[in-house]
Amino acid sequence: MFNPLPLKKYQVSTTCILIILNYLLYCSSATEETCTKPLGNSVEDPSLIKGDCQSSGHTMADSKPLLGYWNIRGLGQTVRFLLAYLDVDFEEKRYELTPELTYDNWYADKEKLGLDFPNLPYLFDGPEKITETRAILKYLSRTRKPELLGKAAEIATKIDMVDNFLYDLYYIEFAGAVYGYTDELAKAFKETAAVRLGRLSTFMKENEWITGNDITYVDFFLYECLYQFKKFDANCLDKFPNLAGLITRFENLPEIKKYIGSPKFLQGPITLASAAHPL
Amino acid sequence: MATSPIVQKLKPILGYWKIRGLAHPVRFLLAYLEVDFEDKYYELTPELTKDYWFEDRKKLNLEFPNLPYLIDGDFKVTESRAILKYLARTRKPDLLGNGLEVQTRLDTVENFVYDLWIINFVEMLYGYTEERHQKYKELEPLKLAYLSSFMKDNSWVSGNNITYVDFLVYEILYQLTIFDPNCLDKFNNLKEFMKRFESLPAINRYINSKDFLNAPLYSKTAIYKI
């Protein structure tokens, strides 16, 4: 899979893509064995659904929303934070890799859940079944707190730009660097991140949140990206105090602070154990 | 002394490479909205570098400098999907979808097709190898099947009303069929969708106009030329 010859810039990023392609291929099928274990650092929490080699038993009659995702931070964490912020009492189905580090536990469920575009994370909310992380974030905003979508048209456009810009940085550059780690990919990510975090920082100016002084759903996405980038490169925000400030501000929101201090909170890991550079 | 400022209504400018690429959904939407716009085409230098774009980029004052960009009066927007939504929001908000269920559908499809397009398809073209092509061939029919099932016999992605996502989906399917003319053989509704889109009067006019850029899809720097 890895090209041993010196990689040109586009080849570096296409190697990232190949790794992500593999990851996506795995994230896309279903059946069997959805067994989850309680988190290593948490007590037994009844809201964590444990499957016993059966597919999800969640039914429309269940009133609590259900979030399905890997037992990692990954892309799912941002949804967990938003649910906590919105004070939603939710259940989770946390998928684990098999001991052989395959995705079979997820595959067991994948095609049985009635999802139009089977993928992780997924959210069941009453009769609604949604996939795609940002679609879930927006759905939760739309149904519980529409201001999180932006109070004005201009803000909505800014949110869209940040959302798309950040997604490419996270999903193409960062995920590629951690899942298919090589020194070259790591270096490429750090260089790209320096430029793009600079853009975000300049864009944010002295605002409290990325699009202004009101928090929006994209701040939840941004927070988690920044948290994860810092785990990979502890100094990446040194030049951007306003972004570092956003991290602190986010963690101090009362609902977020409470959630981080609760037994339900998943501190880590960030990546699946199958990542070349697990975080 | 009283002055009367001359208000000049400038044409929106869409800046992008002289390819279909990521901008074509935006071009189609501008045409559909009957916006008289200017295509600012960027080309590679004879040495196949991006220097002409880099030179302009310094002067444009974009918050997230990238191609495509849209300059619309005082507003400057980048990110192709953000531009689509901006145009819908400012000219025809119905294109954003009405109601919670529709909007959720649109968000889901938008994200899903974007991954298929950029992460699976485009990145494969730019860094083409047989191995990547093989992996793509395995993934593509699965993903098209999800899309086809989702759309059922609706006229458009979200149901019976056209939305901004249809402009994205059309161009993606067009590009996939250029690469593999048989990829929609099993998905009649997706084929019908494409014909339906092409038959919209404003779209039909645009496709047949002298301003329409039919090809290429991507850059000469892509390993797979298309």
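Residues numbered from 1 in each chain as written. Chains lettered and ligands numbered in written order. Predicted model: local features only at pLDDT ≥ 70, side-chain atom pairs only at ≥ 80, totals over all residues. Heavy atoms only, no water.

(A) Layout of the overall build of chain A. Secondary structure summary: chain A contains 9 helices and 5 strands in total. Along its sequence from the N terminus, chain A presents helices and strands in the succession α-β-β-α-β-α-β-β-α-α-α-α-α-α. For chain A, the proportion of its 279 residues judged to be buried stands at 60%. Counted over contacts in chain A with a minimum sequence separation of 6, partners at least 24 positions apart contribute 70%. Counting every atom, chain A has about 11,100 Å² of accessible surface; 53% of that belongs to carbon and sulfur. (Helix = DSSP H or I, 4+ residues; strand = E, 2+ residues; numbered from the N terminus. Buried < 20%, exposed > 50% of the residue type's maximum accessible area, 1.4 Å probe, protein only. Contact = heavy atoms within 4.5 Å. Areas by Shrake-Rupley, 256 points an atom, 1.4 Å probe, with all protein chains shown as cover.)

(B) Seen up close, the overall build of chain B. Helices and strands together make up the secondary structure of chain B, namely 8 helices and 4 strands. The order of helices and strands in chain B, counted from the N terminus, is β-α-β-α-β-β-α-α-α-α-α-α. Based on the C-alpha atoms only, the size of chain B along its principal axes is roughly 70 × 50 × 30 Å. By the burial criterion, 58% of the 226 residues in chain B qualify as buried. Residue pairs in contact within chain B that sit at least 24 positions apart in sequence constitute 68% of those at least 6 positions apart. As presented, chain B carries roughly 10,600 Å² of accessible surface, and 51% of it is formed by carbon and sulfur atoms. Here chain B contributes 30 positively and 31 negatively charged side chains, and the mean placements of these two sets differ by 1 Å. (Lys, Arg positive; Asp, Glu negative; His and termini not counted. Charge placed at Lys NZ, Arg CZ, Asp CG, Glu CD.)

(C) Highlighting the interface of chain B and chain A. Facing the 39 residues of chain B at the interface are 44 residues of chain A. The junction of chain B with chain A conceals about 4,100 Å² of combined surface from both sides, 62% of it contributed by carbon and sulfur atoms. Taken as a group, B:Phe64, B:Ile119 and B:Tyr146 account for 18% of the area that chain B buries against chain A, more than any other trio of residues on that side. At the boundary of chain B with chain A, the tally comes to 4 salt bridges. Put simply, B:Lys85 and A:Asp160 hold a salt bridge, and the shortest N to O gap is 3.5 Å. (Buried area = accessible area lost by both parts, 1.4 Å probe. Salt bridge = Lys/Arg side-chain N within 4 Å of Asp/Glu carboxyl O.)

(D) Focus on the environment of B:Tyr52. All names here are of chain B. As for its placement among the helices and strands, Tyr-52 is situated in helix 2 (residues 51-60). Residue class for Tyr-52 comes out partly exposed when judged on its relative accessible area of 47%. Along the chain, Tyr-52 and Tyr-42 lie 10 residues apart, while their C-alpha atoms are 7.0 Å from each other. Aside from chain neighbours lying at most four places away, what touches Tyr-52 is Tyr-42, Glu-43, Leu-44, Thr-45 and Pro-46.

None of this, on its own, says anything about what the molecule does.
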